[in-house]
Every structure is written in structure tokens, then in C-alpha cells.
Amino acid sequence: MTHARITASVYTSHVPAIGAALDLGKQDEPYWRAVFAGYDFSQQWLRENPPDVILLVYNDHANAFSLELIPTFAIGTAAEFPIADEGWGPRPVPPVMGHPELAAHIAQSVIQDDFDLTIANKLPVDHGLTVPLSLMCGQPQRWPCPVIPFAVNVVQYPVPSGRRCLALGQAIRRAVERYDEPLKVQIWGTGGMSHQLQGPRAGLINRAFDNAFLDRLIADPAGLAQLPHIDYVREAGSEGIELVMWLIARGAMSDAVPGKTHPVPPRVRHRFYHVPASNTAVGHLILEDA
Ligand code: DHB
Ligand code: FE
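Conventions we followed
- Residues numbered from 1 in each chain as written.
- Chains lettered and ligands numbered in written order.
- Predicted model: local features only at pLDDT ≥ 70, side-chain atom pairs only at ≥ 80, totals over all residues.
- Heavy atoms only, no water.
- Helix = DSSP H or I, 4+ residues; strand = E, 2+ residues; numbered from the N terminus.
- Rg over C-alpha atoms; globule rule 2.2 N^0.38 Å.
- Buried < 20%, exposed > 50% of the residue type's maximum accessible area, 1.4 Å probe, protein only.
- Contact = heavy atoms within 4.5 Å.
- Lys, Arg positive; Asp, Glu negative; His and termini not counted.
- Charge placed at Lys NZ, Arg CZ, Asp CG, Glu CD.
- Arc of directions from axis to C-beta.
- Near = heavy atom within 4 Å.
- Polar contact = N/O pair within 3.5 Å; in protein donor to acceptor, adjacent residues only side chain to side chain.
- 1 Å grid on protein atoms, 1.4 Å probe; cavity = no way out; pocket = protein on both sides within 12 Å on 5 of 7 lines; lining within 4 Å.
- Sits in = over half its atoms within 2 Å of the grid points.
- Nonpolar A, V, L, I, M, F, W, Y, C, P; charged D, E, K, R; others polar.
- Donors = N, O, S within 2.8 Å, 3.2 Å for Na, K, Ca; no water.
- Axes fitted to C-alpha atoms, helices over the stretch in contact; angles between N-to-C directions.
- Parallel < 35°, antiparallel > 145°, perpendicular 65-115°, else oblique.
- Left-handed = near helix turned anticlockwise from the far one by under 90°.
- Pairing = 2+ DSSP bridges.

Caption draft 1: Focus on the overall build of the chain. Within the chain, the regular secondary structure consists of 10 helices and 10 strands. Taken against the 2.2 N^0.38 rule, which gives 19 Å for 290 residues, the C-alpha radius of gyration of the chain at 17 Å falls within 12% of a compact globule. Judged by the C-alpha coordinates and their principal axes, the chain covers about 45 × 40 × 40 Å. Residues counted as buried form 57% of the 290 residues belonging to the chain. Expressed as a percentage of contacts within the chain between residues at least 6 apart in sequence, the contacts between residues at least 24 apart total 81%. Separation between the mean location of the 22 positive side-chain charges and that of the 29 negative ones in the chain comes to 5 Å.

Set out below in C-alpha cells:
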């Protein structure tokens, strides 16, 4: 192995109340135990399959980026990312250490591959990024490896299409494979599943849509990528649109490489679905690359 490669993709919801439950020591209360139980296997799996770097696709919730500046896609190129204060103080979790060299390389490669990324040299990270880390790693003194934050706008319209997200994942895979250091890279797609936080439909959960989404993400990502964004909003709720970010991680798996004649699907190591956590359905998948 002389170049970097993508070894696995991980998908998970990012509910802020999950972070609060951990930070306040409530993880053994029955309501929360039912959520965390879905990640017991995952924490063990991550310890047994440690990546050198995690590229973490998430959305900022108007914490790092206000409505004054809204990048569709932004990659964090800093050496360190502080924990954002979302209004009640930063979460008491370790700072996120970046990987500036790989991040700059991915920016170079993906931009030359025709995707317009914003370069973020300073980026406080909110629950969209820290809650997935907490779910997968628990409460360590430091996170197990460097993390490259990759922020996607799903907060202010217009949002990127699933088709573009899948193609971006394909470009990220090409970028990683061109990096001439033998790094094991995991790509995580986060946010979702169905939830709506506002208006008359607040509290919306759609189990049938969520489970069909998981099925198609595994077996038919190219077909799923054709789903128009309005279908996400109608079926999964206004915040359910966060799910398009899962297609970036899925596009980076080897069977999604365009033009493959005999694509070998990734191995499903873990699948979990649970309702409720705060206002959302929690979904989680681990796919190992073929
Ligand atoms: C909730 C879910 C989210 O995705 C989010 O960003 C904020 C709040 C919730 O369920 O409360
Ligand atoms: Fe969110």
C-alpha cells in the first residue's frame, strides 16, 4: 500500500440531545440506553478497525456560518477545530485535530475535478460533527485520530441535490486514492433521519421512508441519488433533508466508482434504527469497502 484508501463508511444521525445526554451523564437512563445500545457494536468495531483519518461529512447549524455567508460545501483545512458554543457553552469534549495536508490535497483534487469547495481555515464545529464522534467513540480524553470536517449546506435553500452529493463522494474517493501516503481513511455521512423541528408538521417521523432509504443506500445508491430534494422534505421532514449528506459517503465506496463493470457491494457490518431521540428518528449503518 503506497497511497491512501477509503476503508469504510459510517452513517449516523446527530441529534444534539444525544450529546447533552452524554455530557450530563444520562446515558444509562432507559430512554437514552435504547439509543446508545445501537452504538455498542460500533464503538468496538471502531477500536478494532482504527482509521488514520476520518473525513466527517456534516452540516453546520448556523454556528460557524451565519446567514451572512453560506457555502454549499466547505472543507476544514485547519490543524485544530474548536468546539462551537451553540448558546449554552461548548460541549465538554476534546478539540478536534485536523489533517491539513490531506485536507488541502482533497481540496486541490476535488476542485480540479470541478466541485466548488470553500476552504475553511478556521471552523468551530457544532453538534453536527461532535455528536457522531461521541456516538462512535464514547467519552475519550482525545478523539482517536485526526478528523477533516466537511460541511454541507442543508440549512438554507437552495441545498445540493443527492445526485451532486453522490458524484462529490466519487470525486473524494479519487482524491484520497491519489494521496501518496498509506493512510486508512474512513468517510462518515451524518444527519437525518426523518425529523421536522418547526411548523404544523413538527415531530414528523416516517419509519417507512427511513427504512427504505437505508435499504436503497446499501443496494441502490445511484437510484437513490435521483430522489429530488422536495421528496426528502415531504417524506422525511424539513430537517430530514440532512440525509442527502449520506450520499457523499456512499459515493466514496468502491462499488460507486463510475463505469465499473462488476461492482462489488460494500459489506454491511451494522444497521440500527430507533425512534425517538428528541425529535428525530436515529439511523446508523457501517459499511466496509469491498
Ligand atoms: C434536533 C435534531 C437536529 O438534527 C438538530 O440539528 C437540532 C435538533 C432535535 O431532534 O431536537
Ligand atoms: Fe441537524
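That was the structure; now back to the text.
Caption draft 2: Looking closely at helix H9 (residues 229-236). Buried residues of H9: Tyr232, Val233 and Ala236, and no others. Taken down its axis, H9 places every buried residue within 105° of arc, on the same side. Tucked inside the fold, the buried residues of H9 contact helix H7 (207-219), helix H8 (221-224) and helix H10 (246-251). After H9 finishes, the residue Gly237 shows a positive phi value of roughly 95°.

Caption draft 3: The arrangement of the site of ligand 1 in detail. Around ligand 1 sit His14, Val15, Pro16, His61, His127, His195, Leu197, Glu242, Ser278, Asn279 and Thr280, and that is every residue in its neighbourhood. His61 is positioned with one of its side-chain polar atoms (N or O) 2.7 Å from an oxygen atom of ligand 1. Residue Glu242 places a side-chain N or O atom 3.4 Å away from an oxygen atom belonging to ligand 1. A molecule is said to occupy a pocket when more than half its atoms come within 2 Å of that pocket's grid points, and by this definition ligand 1 occupies the largest pocket. Along the lines of polarity and charge, the residues of the shell around ligand 1 split into 3 nonpolar, 7 polar and 1 charged.

Caption draft 4: Up close: the coordination of the iron ion (ligand 2). In the first shell of the iron ion (ligand 2), the protein supplies His14 (NE2), His61 (NE2) and Glu242 (OE), at 2.0 to 2.2 Å from the metal. Going along the chain, you hit the donors of the iron ion (ligand 2) in the pattern H-x46-H-x180-E. With His14 in the loop between strand E1 (5-12) and helix H1 (16-23) and Glu242 in the loop between H9 and H10, the pair connects residues that are 228 residues apart, well separated along the chain. Since its relative accessible area comes to 3%, His14 is described here as buried.

Caption draft 5: Inspection of the packing of helix H4 (residues 100-112) against helix H6 (residues 162-177) at higher detail. For the pair H4 and H6, interaxial distance at closest approach is 9 Å and the crossing angle is 125°. As summarised for this structure, H4 and H6 are arranged oblique, according to the angle between their axes. The element H4 and its partner H6 pack so that their crossing is right-handed. Where H4 abuts H6, its residues His105, Ile106, Ser109 and Val110 lie against Leu168, Ala171, Ile172, Ala175 and Val176. Broken down by class, the residue content of the contact of H4 with H6 amounts to 7 nonpolar, 2 polar and no charged.

Caption draft 6: Looking closely at the pairing of strand E10 (residues 280-288). Along E10, 9 of the 9 residues are buried, which leaves the element largely enclosed by surrounding structure. Both faces of E10 are covered, namely the face carrying Thr280, Val282, His284, Ile286 and Glu288 and the face carrying Ala281, Gly283, Leu285 and Leu287. Across 8 bridges, the pairing between strand E9 (residues 267-277) and E10 is antiparallel. Within E10, the residue paired with Val268 across the bridge is Leu287. Taking the residues that link successive antiparallel strands as the turn, the E9-E10 hairpin has 2 residues, and the phi of Ser278 there is positive, at about 55°.

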